[in-house]
Amino acid sequence: MSGRAGAEVLIVGGGVIGCAAAYFLAAEHGVRALVVERDGVGRHASGGAAGELSVIGRSQLDATMTPGDPFTALCVEGARLHEQFGPALREESGVDYHRADTLILRPSLTRQEAEEAQGQLAIQQGLGLDAEWLEPPQVEALGSWVTKDLHGAILTGEAQLDSAPFAHALAQAAIRRGAEIVIDEVIGLEAEGGRTPRAVARGGAYEGERVVLAAGPWSARLGASIGVSIPVRPLRGQILHLQAPVEPQRYGVFHRTGYALPKSGGVVYAGTTEEEAGFAAETTAEACESILRAVARFAPDAARLAVVNATACLRPVSDDGLPLMGAVPGWDGLYLATGHGRKGILLSLVSGKAMAELIVTGRSAIDVDAFAPARLALSRGG
């Protein structure tokens, strides 16, 4: 077999998490990584995501997010690092991924939703988020496309980017720092007695002093090949690309049932589904209809826009909904970096930075203890 041997760090998976880890390994620790990616950078969830850099969920905080919660803190730090590293990353990579500030309206369509939203507003503000409550006349005065049939809305100042160019920016920046990215499909791992495994691919075998599985939901299949149970599964998300309106909208609209988000390049993203569909990454007519029905409730003008494209991607979700980041117990030099679910783009930089620190020093200045694989991953081969 051909392949590559002797890398300091071998990363299986060239999405935003894997490329971010490769970048920070090189940029902050002088460690060159070899990234093995099956199809190409940004070909899966990393390139198909909506690209919102939102600490908040679709309507309020996600159910798992509360002040002082480790995941909330990770999301807040993730947003901060996007702002901190964005200019240098764009300059170093030569790729403009259109990071921009954006205004998001989160309408409450019922009185109960309004009560819940106002209760969450203080929490959002306590997290340092730019958020305020608007009464219906104030929302209407904005001239946005949000429905007039509402009980108020939260207006937030957030940020977004275009996910596929962002993935390529991370890859290019990592390469310029000395990382290498190889296109090859890893079909399994090989190891003996808990030693650092090697990756067996269609084009050969790849080895590293340390190995990181950052292959999204496919990480579970790779782990199973050496007897490591990785509780992460694919969650399909479908997004519609709508033709932009004649008069551009300043506001994205997020509701717990979906969103309508104006993007660069003259399109509006509408979505998204959350489907247990295994590894089927196809779009469906049923999903298109359900997305448009949801959007019609909170942004009826957006729902009338022409559909110009539809995409689907498989987001990696762990059994408890939290990322898996850190060393696999019972194994020498094996790490996980997966399970980021719908927050992969937001958490890419903070995860890459934390993983680089864990790999090189054994600890991270970013508190990621709550995401250690030991809480869920069960090793049978160590």
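Quick note: structure is the one above.
For the structure given in this document, a descriptive report is provided here. (Residues numbered from 1 in each chain as written. Predicted model: local features only at pLDDT ≥ 70, side-chain atom pairs only at ≥ 80, totals over all residues. Heavy atoms only, no water.)

## Description of the pattern of salt bridges
1) Next: Taken as a whole and assessed by the stated rule, the structure comprises 19 salt bridges.
2) Next: Here arginine 198 makes a salt bridge to glutamate 190, at a shortest N to O gap of 3.0 Å.
3) Next: What makes glutamate 190 partly exposed here is its relative accessible area of 38%. (Salt bridge = Lys/Arg side-chain N within 4 Å of Asp/Glu carboxyl O. Buried < 20%, exposed > 50% of the residue type's maximum accessible area, 1.4 Å probe, protein only.)

## Describing helix H1 (residues 16-29)
1) Next: The end-to-end C-alpha distance of H1 is 19 Å, a good match for the 20 Å that 14 residues give at a rise of 1.5 Å each.
2) Next: With eleven of 14 residues buried, H1 is to be regarded as a mostly interior element.
3) Next: Taken together, the buried positions of H1 are Val16, Ile17, Gly18, Cys19, Ala20, Ala21, Ala22, Tyr23, Phe24, Leu25 and Ala26.
4) Next: Glycine 30, located one to two residues past H1, shows a positive phi value of around 65°. (Helix = DSSP H or I, 4+ residues; strand = E, 2+ residues; numbered from the N terminus. Expected span 1.5 Å × (residues − 1).)

## Examining the state of the cysteines
1) Next: Applying the stated criterion to the full structure yields zero disulfides.
2) Next: Its sulfur unpaired, cysteine 75 is 17 Å from the next cysteine sulfur, which belongs to cysteine 313.
3) Next: Summary of cysteine pairing: cysteine 288 is not part of a disulfide, and the nearest cysteine sulfur, belonging to cysteine 313, is at 16 Å. (Disulfide = S-S within 2.5 Å.)

## Topic: the nonpolar core
1) Next: Core analysis: the largest hydrophobic core is formed by 54 residues, its most contacted members being Ile11, Phe166, Val212 and Met355.
2) Next: Elements supplying a minimum of two residues to this core: strand S1 (3-12), H1, strand S2 (33-37), helix H3 (70-93), helix H6 (163-176), strand S17 (334-338) and helix H10 (344-361).
3) Next: Counting residues in hydrophobic clusters, the runner-up holds 27 residues, among them Leu34, Val186, Leu314 and Leu336. (Core = buried A, V, L, I, M, F, W, Y, C linked by side-chain atoms within 4.5 Å.)

## Here's the deal with the packing of aromatic side chains
1) Next: Under the definition given, this model contains five aromatic pairs.
2) Next: Ring geometry for tyrosine 97 versus phenylalanine 166: centroids 5.0 Å apart, planes at 70°, classification edge-to-face. One end of the pair, tyrosine 97, is in the loop between H3 and strand S3 (100-107); the other, phenylalanine 166, is in helix H6, with 69 residues separating them in the sequence. By the burial criterion, tyrosine 97 is buried, and phenylalanine 166 matches it.
3) Next: Connected via pairs of aromatic rings, a cluster forms that spans Tyr23, Phe24 and Phe85.
4) Next: When the ring centre of tyrosine 97 is taken as origin, the NZ or CZ atom of arginine 90, which lies over that ring, is 5.3 Å away.
5) Next: Across the ring face of phenylalanine 279, the terminal group of arginine 221 is positioned such that the distance to the ring centre comes to 3.8 Å. (Phe/Tyr/Trp six-rings, centres within 6.5 Å; stacked < 30°, edge-to-face > 60°. Lys NZ or Arg CZ within 6 Å of the ring centre and 35° of its normal.)

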